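The primary structure of each chain is shown beneath.
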Amino acid sequence: MRKIALILLMALLITGCAPALPAEDSALDVEDVISIPTPDAVPSPSAVPTEAPMPLPTSAPTPVPTPTPVPLPLYKVRVSELNVRSEPSTSSSDTVIGMLKYEDTVGYLGEEGDFTRVRLQDGTEAYCFSEYLVPADTVLYAYVKPETAQKVDIATGALVFEDDGVTPVMVKNELVDLKLYLPDAQYEQLFNTDRNVIGEPLYGRTVFLLQRSVAKKLQKAFDIFKKDGYTLKVYDAYRPLRVQKRLFEVVKNPHWIADPATTASNHNRGAAVDMSLIDDATGEELEFPTPMHTFSEESARTSTTWSEEAKKNVDYMTEVMDECGFNSIESEWWHFSCKNRSRYMTTDIDLSTVTMLPYDELPENGR
C-alpha cells in the first residue's frame with residue numbers, strides 16, 4: 001500500500017494535479033511528503049542583512065558665557081599719603097595694612113561711616129577715609145592759604161622797614177592754581193621731570209602757582225595771544241626756595257639762577273613765569289633762539305646768533321607781556337616777571353604736600 005501511494009503521488013505531480021492533503025487519520029506520514037521549494041519565495045525581512053545606521057551629527061554644547069563683572073567706579077587719592085585699613089576704624093594702628101599715594105586709584109564699593117570701602121589694584125578689599133578720596137575724573141586744584149607778613153631780608157634774616165625805620169614793609173602771599181585762570185594754556189613743568197639741568201624731578205608734584213594778581217595779568221596776555229592765533233605754554237611758575245638752592249648748587253651762576261643766599265628769584269615769590277608760544281594753526285611751538293632753560297649765552301637777548309624768525313617771535317612775545325604788566329630780563333628770552341613783584345612774599349612751600357581740592361570746595365572757588 002505504501003508503495004502504491006507513492007506511485008500515485010508521483011503520477012499526479014507529473015500531470016500537474018495537486019492532491020488534497022491527507023486527513024489526520026491518513027496513513028501518509030508527514031515525514032514522507034517531499035517538499036518542493038517555491039521559486040519566487042521572498043526571504044523574510046529578518047533574513048535580509050542591513051547596514052548599521054550612520055550616526056546623526058551632533059553639535060558641540062553651547063558654552064555658557066561667564067558673566068563680565070561690572071567695573072567699579074574709580075576713585076583717586078587727593079592727598080600725599082593715605083592709610084589703607086583692614087576695617088573702618090582708627091582704634092588701633094594694627095588696622096593699617098598699606099598706604100596710597102597722591103592720585104593712586106581704587107575701586108569704590110560703598111560708604112561705611114567716615115570711611116569708604118574700596119578694592120585695591122590687587123583685589124584686596126579695605127577702607128580709607130572718605131574725605132581724602134574723590135571720583136577719578138575730578139579735576140583737582142592747588143589751594144594755598146593766603147597770608148600777609150612783614151618782609152624779611154633773605155640775606156640777613158632781618159625784618160625790613162620803610163625808610164623811616166618804623167613802618168614795616170608788608171608783603172603778601174596769595175598763590176593760586178594758574179589753571180583756574182588759564183585752563184586752556186599748555187603746561188610742561190620741566191623742573192618736575194628728568195629733562196632739566198639736574199636730571200631729576202624737583203617739585204614733588206606738578207602744580208603751577210602764581211600770585212593771584214599776576215595770574216590775572218597773565219590771563220590778559222593769554223587772551224591777546226589767542227586772538228593772534230597762539231596759545232601760551234608755561235614751563236615754570238612758582239618755584240620753592242629749596243628748589244632754587246638745588247639749582248644754584250649745580251648751575252653756580254647767578255647770571256641764570258639767582259643765588260638764594262643773597263637774593264630771591266621772582267619765581268620764589270610766585271611772580272615770574274617761563275613761557276613760549278604754540279602756533280594754533282600747526283600745533284607746533286614757534287621758533288625761539290634755544291630750547292627752554294638752556295643756560296647759555298645763546299639764550300640771552302644780547303646774543304647775535306638768533307635767526308630772524310626767532311628774534312621776531314621773542315620781540316612779539318615781549319611786547320605783549322610788557323603791555324600786560326611784565327618785565328623781561330636780558331639773560332633769558334623765556335622769563336617774564338611781574339612789575340609789582342616786590343610786594344609778594346618769598347616762600348618755600350613743599351608742593352608735594354599742598355592741599356588739592358575740587359573746584360566746588362575751593363574757598364571762594366580759589367579766585
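The following refers to the structure shown. Keep in mind that what you see is a predicted model, and the values were worked out from it rather than measured.

### Quick notes on the overall build of the protein chain
Consideration 1: For the protein chain, the count of helices and strands is four helices and 18 strands.
Consideration 2: In the protein chain, which comprises 367 residues, the proportion classed as buried is 37%.
Consideration 3: Look at the contacts in the protein chain between residues 6 or more apart in sequence, and 67% of them connect residues 24 or more apart.
Consideration 4: When the accessible surface of the protein chain is totalled, it reaches about 21900 Å², and 54% of it is carbon and sulfur.

### Here's the deal with the layout of surface pockets
Consideration 1: Estimated volume of the second largest pocket: approximately 370 Å³.
Consideration 2: As for the second largest pocket, its lining consists of 27 residues, and the residues nearest its centre are Trp-256, Ala-258, Ser-265, Ile-329 and His-335.
Consideration 3: Elements supplying a minimum of two residues to the lining of the second largest pocket: β16 (326-328) and β17 (335-338).
Consideration 4: Broken down by class, the residue content of the lining of the second largest pocket amounts to nine nonpolar, twelve polar and six charged.

### Focus: the pairing of strand β4 (residues 105-112)
Consideration 1: One ladder, built from three bridges, connects strand β1 (residues 74-77) with β4; its direction is antiparallel. Pairing of Tyr-75 across the sheet is with Val-106, part of β4.
Consideration 2: Here β4 pairs with strand β5 (residues 115-119) via five bridges, running antiparallel. For Gly-110, the partnering residue across the bridge sits in β5 and is Arg-117.
Consideration 3: Linking β4 back to β5 in an antiparallel pair, the connection comprises two residues, with Gly-113 at a positive phi of about 65°.

### What about the environment of Phe-161?
Consideration 1: When you line up the elements, Phe-161 lands in the loop between β9 (147-150) and β10 (170-173).
Consideration 2: Put simply, Phe-161 and Lys-151 are ten residues apart on the chain and 8.0 Å apart in space, counted from C-alpha to C-alpha.
Consideration 3: Non-local contacts of Phe-161, meaning those with residues more than four positions away in its chain, are made with Gln-150, Val-166, Thr-167, Pro-168 and Val-169.

### Observations concerning the packing of aromatic side chains
Consideration 1: Scanning the entire structure with this criterion turns up eleven aromatic pairs.
Consideration 2: Consider the rings of Tyr-230 and Tyr-316, whose centres lie 5.5 Å apart with planes at 55°: the pair is tilted. Of this pair, Tyr-230 sits in strand β14 (residues 230-236) while Tyr-316 is found in helix α4 (residues 308-323), placing the two residues 86 residues apart along the sequence.
Consideration 3: Residue classification places Tyr-230 among the partly exposed residues on the basis of a relative accessible area of 21%.
Consideration 4: Centre to centre, the rings of Phe-288 and Trp-333 are 4.6 Å apart; their planes meet at 5°, and the pair counts as stacked. Of this pair, Phe-288 sits in the loop between β15 (272-279) and α4 while Trp-333 sits in the loop between β16 and β17, placing them 45 residues apart in sequence. Here Phe-288 matches Trp-333 in class, with each residue buried.
Consideration 5: Ring pairs connect the aromatic residues Phe-288, Phe-295, Trp-333 and Trp-334, which therefore count as one cluster.
Consideration 6: The lysine or arginine in question, Lys-179, covers the ring of Tyr-187, its NZ or CZ lying 5.1 Å from the ring centre.
Consideration 7: One Lys or Arg, Arg-205, reaches over the ring of Tyr-102 and ends 3.9 Å from the middle of that ring.

### Regarding α4
Consideration 1: Between its terminal C-alpha atoms α4 stretches 23 Å, which fits the 22 Å expected from 16 residues at 1.5 Å a residue.
Consideration 2: Contacts from the buried residues of α4 go to α2 (212-227), β15, β16 and β17.
Consideration 3: Looking one or two residues past α4, Gly-325 carries a phi angle of roughly 105°, positive in sign.

### Focus on the nonpolar core
Side chains of a nonpolar character, in soluble globular proteins, are inclined to be buried together.
Consideration 1: In this structure, Leu-218, Met-275 and Met-321 are the most contacted members of the largest nonpolar core, which totals 65 residues.
Consideration 2: The greatest single-element share of this core, amounting to six residues, is contributed by α2.
Consideration 3: Ignoring sequence-local partners within four residues, the contact set of Met-321 consists of Leu-218, Ala-221, Phe-225, Val-273, Met-275, Phe-326 and Phe-336.
Consideration 4: Core analysis: the second largest hydrophobic core is formed by eleven residues, Val-79, Leu-82, Val-84 and Leu-120 among them.

Scoring rules and cut-offs
- Residues numbered from 1 in each chain as written.
- Predicted model: local features only at pLDDT ≥ 70, side-chain atom pairs only at ≥ 80, totals over all residues.
- Heavy atoms only, no water.
- Helix = DSSP H or I, 4+ residues; strand = E, 2+ residues; numbered from the N terminus.
- Buried < 20%, exposed > 50% of the residue type's maximum accessible area, 1.4 Å probe, protein only.
- Contact = heavy atoms within 4.5 Å.
- Areas by Shrake-Rupley, 256 points an atom, 1.4 Å probe, with all protein chains shown as cover.
- 1 Å grid on protein atoms, 1.4 Å probe; cavity = no way out; pocket = protein on both sides within 12 Å on 5 of 7 lines; lining within 4 Å.
- Points joined across faces, edges and corners; volume = space filled by probe spheres on them.
- Nonpolar A, V, L, I, M, F, W, Y, C, P; charged D, E, K, R; others polar.
- Pairing = 2+ DSSP bridges.
- Phe/Tyr/Trp six-rings, centres within 6.5 Å; stacked < 30°, edge-to-face > 60°.
- Lys NZ or Arg CZ within 6 Å of the ring centre and 35° of its normal.
- Expected span 1.5 Å × (residues − 1).
- Core = buried A, V, L, I, M, F, W, Y, C linked by side-chain atoms within 4.5 Å.

Distances and angles like these do not, on their own, reveal function.
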